[in-house]
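One letter stands for each residue in the lines below.
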Amino acid sequence: MIATLKSYVLDPYPLRRLALDVARRVDWGNFDFKYFNNSFGRPNYAYIMYESALLARRLGLKRISVLEFGVAGGNGLIAMERLAQEIEQKLGDIEFDIYGFDTGKGLPKPEDYRDLPYQWKEGFFPMDEDALRAKLKRAKLVLGDIRDTAGDFFKKYQPAPVAAVSHDFDYYSSTAAALQMFDAPGNNFLPRVFCYFDDTVGSNLELYNEYTGQRGAINDFNQNHTDKKLCPPVYLKSRPIQEPWYQQIYVHHHFSHPDYCQFIAESNQQLNLGH
Ligand SMILES: C[S@@+](CC[C@H](N)C(=O)[O-])C[C@H]1O[C@@H](n2cnc3c(N)ncnc32)[C@H](O)[C@@H]1O
């Protein structure tokens, strides 16, 4: 309660925030209202899924995949299912496949200091698999350690190209293993993949930095690849009202992807001479 009150006091537009919180609770408004005002339950998921669907459409695709790395109880995966339905209805010509990756048993043993054992412990966030399966409508669970399941994922599931990914494995080691999947052949992905990294901002407790945890994995990925880079979408920084999750979004650019240079902007552009 005190934390909620504090967050309103710290918000530069507290009344706007209150109105949107009420709208979110009662699920008020059409898709455009909720997307524009970030009043979806998980606006970060809405952003990566909707923007990736728009990109897929411009590339001429009809079906795309969204992945969640780290499912735990399953609230995120269920949110993805709801959003997929809303985006499919809104756009009419794009469909989602949804995959959730998890050990099913909670966090594995931390490998070293980069997994931040001062913050996380083995066994945190176990899954009630039966309860989750009973609630899921379409998402597929890929259970096991990512170091074992990543290798044959594309062969085994033949997913539609991956367009959006939520990374919530907490650890450096697990995130680094998930990022290795970007080394699979380019046709498994869109040339630009919208990603959300949950554990990149945190608080004075986690003290996330470029050498450990998810930020460390992103940093090392960028250092170890020349034609693939994870970059924040600079555009989000220009929005007049900033949301904390804007800082947790990265786009995976695959510069040598066969479709990276496919033209997707408006085809009729002209700058007429002004008066
Ligand atoms: C914080 S929870 C995910 C929460 C979920 N995204 C949500 O929004 O409700 C992190 C999850 O990552 C999973 N995880 C971490 N490392 C893993 C690994 N190496 N392989 C598979 N799952 C892993 C854990 O089992 C845990 O359930």
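Cut-offs and rules
Residues numbered from 1 in each chain as written. Predicted model: local features only at pLDDT ≥ 70, side-chain atom pairs only at ≥ 80, totals over all residues. Heavy atoms only, no water. Helix = DSSP H or I, 4+ residues; strand = E, 2+ residues; numbered from the N terminus. Rg over C-alpha atoms; globule rule 2.2 N^0.38 Å. Buried < 20%, exposed > 50% of the residue type's maximum accessible area, 1.4 Å probe, protein only. Areas by Shrake-Rupley, 256 points an atom, 1.4 Å probe, with all protein chains shown as cover. Lys, Arg positive; Asp, Glu negative; His and termini not counted. Charge placed at Lys NZ, Arg CZ, Asp CG, Glu CD. Near = heavy atom within 4 Å. Polar contact = N/O pair within 3.5 Å; in protein donor to acceptor, adjacent residues only side chain to side chain. Nonpolar A, V, L, I, M, F, W, Y, C, P; charged D, E, K, R; others polar. Salt bridge = Lys/Arg side-chain N within 4 Å of Asp/Glu carboxyl O. Pairing = 2+ DSSP bridges. Axes fitted to C-alpha atoms, helices over the stretch in contact; angles between N-to-C directions. Contact = heavy atoms within 4.5 Å. Left-handed = near helix turned anticlockwise from the far one by under 90°. Domains from an automatic or database assignment. Buried area = accessible area lost by both parts, 1.4 Å probe.

1. Quick word on the overall build of the protein
- A count of helical and extended segments in the protein gives ten helices and seven strands.
- Taken against the 2.2 N^0.38 rule, which gives 19 Å for 275 residues, the C-alpha radius of gyration of the protein at 19 Å falls within 12% of a compact globule.
- Considering only C-alpha atoms, the protein reaches an extent of 65 × 50 × 40 Å along its principal axes.
- Sorting the 275 residues of the protein into buried and exposed places 49% on the buried side.
- For the protein, the accessible surface area stands at approximately 15200 Å², while carbon and sulfur atoms represent 54% of it.
- Averaging the coordinates of the 31 positive side-chain charges in the protein and doing the same for the 35 negative ones gives two points 3 Å apart.

2. Here we look at the site of the ligand
- Inspection of the region around the ligand gives 20 residues, with Gly70, Asp102, Ile146, Asp168 and Ser174 positioned closest.
- In the model, a nitrogen atom of the ligand is placed 3.2 Å from a nitrogen or oxygen of the Glu68 side chain.
- In this structure, a nitrogen atom belonging to the ligand sits 2.9 Å away from a main-chain N or O atom of Ile146.
- Contact with the protein chains hides 93% of the accessible area of the ligand, taken as 610 Å² for the molecule alone.
- Counted by class, the shell around the ligand contains seven nonpolar, six polar and seven charged residues.

3. Quick word on the environment of Tyr113
- Here Tyr113 is to be found in the loop between strand E2 (95-102) and helix H6 (129-135).
- Counting along the chain gives 99 residues from Tyr113 to Thr212, while the straight-line C-alpha distance between them is 7.4 Å.

4. Some thoughts on the pattern of salt bridges
- Under the defined criterion, the tally for this structure stands at 17 salt bridges.
- Where Arg17 meets Asp11, a salt bridge forms, and the shortest distance between an N and an O atom there is 3.5 Å.
- With a shortest N-O distance of 2.8 Å, Asp27 and Lys34 are connected by a salt bridge.
- Taken together, the shared-partner salt bridges connect Asp11, Arg17, Asp21 and Arg24 into one network.

5. Quick notes on the sheet that holds E2
- Read across the sheet, seven strands follow the order E3-E2-E1-E4-E5-E7-E6 without closing on themselves; strand pairing throughout is mixed. Edge positions in the sheet fall to strand E3 (140-143) and strand E6 (228-231), since each has one partner strand and no second. In this sheet, adjacent strand axes meet at a mean angle of 20 degrees when their direction is disregarded.
- Pairing between strand E1 (residues 63-69) and E2: seven bridges, direction parallel. Bridge pairing links Val66 to Ile98 in E2.
- The sheet strands contacting helix H5 (residues 75-91) are E1, E2, E3 and strand E4 (162-167), and the helix crosses E2 at an angle near 175 degrees.
- Set on the sheet, helix H10 (residues 213-224) makes contact with E4, strand E5 (189-197), E6 and strand E7 (249-254); between it and E6 the angle comes to about 145 degrees.

6. Observations regarding the packing of helix H9 (residues 172-179) against H10
- One way to put it is that H9 packs onto H10 with a least axis distance of 8 Å and a crossing angle of 35 degrees. In this structure, H9 meets H10 at a crossing whose hand is right-handed. In this structure, H9 uses Tyr172, Thr175, Ala176 and Leu179 to contact H10, whose residues at the interface are Gly213, Gln214, Gly216, Ala217, Ile218, Asp220 and Phe221.
- Of the residues assigned to the contact of H9 with H10, the class counts are six nonpolar, four polar and one charged.

7. Things to note about the pairing of E6
- Because side chains alternate across E6, one face comprises the buried residues Lys228 and Leu230, and the other comprises Lys229 and Cys231, none of which is buried.
- Looking at chain direction, E6 and E7 are connected through four bridges and run antiparallel. Note on E7: the bridge partner recorded for Cys231 is Val251.

8. Some points on the domain arrangement of the protein
- By domain assignment, the protein separates into domain 1 (1-39) and domain 2 (42-254).
- Each of domain 1 and domain 2 was reduced to a C-alpha centroid, and the two centroids are 25 Å apart.
- Each partner contributes to the interface: domain 1 provides seven residues, whereas domain 2 provides twelve residues.
- The largest contributions to the domain 1 side of the interface with domain 2 come from Phe31, Tyr35 and Asn38, which together make up 68% of the buried area.
- Where domain 1 meets domain 2, there are two salt bridges.
- Counting every contact that joins domain 1 to domain 2 gives four residue pairs in polar contact (both at pLDDT 80 or more).
- In terms of residue count, the dominant contributor to the side of domain 1 that touches domain 2 is helix H3 (residues 31-36) (four residues).
- Looking at the side of domain 1 that touches domain 2 residue by residue, the classes come out as three nonpolar, one polar and three charged.

9. Quick look at the side chain of Gln214
- One can find Gln214 in helix H10.
- For Gln214, a relative accessible area of 0% translates into the label buried.
- A polar contact is formed between the side chain of Gln214 and the backbone nitrogen of Asp198, at a distance of 3.3 Å.
- Excluding anything up to four places from it in sequence, Gln214 contacts His167, Asp168, Phe169, Asp170, Thr175, Phe197, Asp198, Asp199 and Thr200.

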